[in-house]
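Spelled out from the first residue to the last, the chains are:
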Amino acid sequence: MYKKNCPICNKSSFSSCDSGTWICPNCNNDLTYINLQESESLIQSKPRLFLIKNNFLQENPQIDAQIKPFTFKSLD
């Protein structure tokens, strides 16, 4: 989701497309050339879960050292 703030009415406008003509739904101002902003839904992302096989960690010790601070359970 993309967001632009209208400089005329100071309201936010949202779209799923980042290109093309963009008209403010509140005051009909052309927002096409206004810079895009990240919407709040992109900023507040959910935590991610990664599953890594134990034998992969043994073969790649540099990765193993990077994830040591994180808690994980091996499913091997």
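Placed above this text is the structure.
These figures come from a predicted structure and were not determined experimentally.

Draft legend 1. Inspection of unusual backbone geometry at higher detail. Residues other than glycine seldom take positive phi values, yet Asn10 does so here, at roughly 60°. The residue Asn10 is located in the loop between strand 1 (2-5) and strand 2 (12-15) in this model. You can call Asn10 exposed: its relative accessible area is 64%. Of note, Asn28 is a non-glycine position whose phi angle comes to about 65°, a positive value. Inspection of the secondary structure puts Asn28 in the loop between strand 2 and strand 3 (37-38).

Calculation criteria
Residues numbered from 1 in each chain as written. Predicted model: local features only at pLDDT ≥ 70, side-chain atom pairs only at ≥ 80, totals over all residues. Heavy atoms only, no water. Helix = DSSP H or I, 4+ residues; strand = E, 2+ residues; numbered from the N terminus. Buried < 20%, exposed > 50% of the residue type's maximum accessible area, 1.4 Å probe, protein only.

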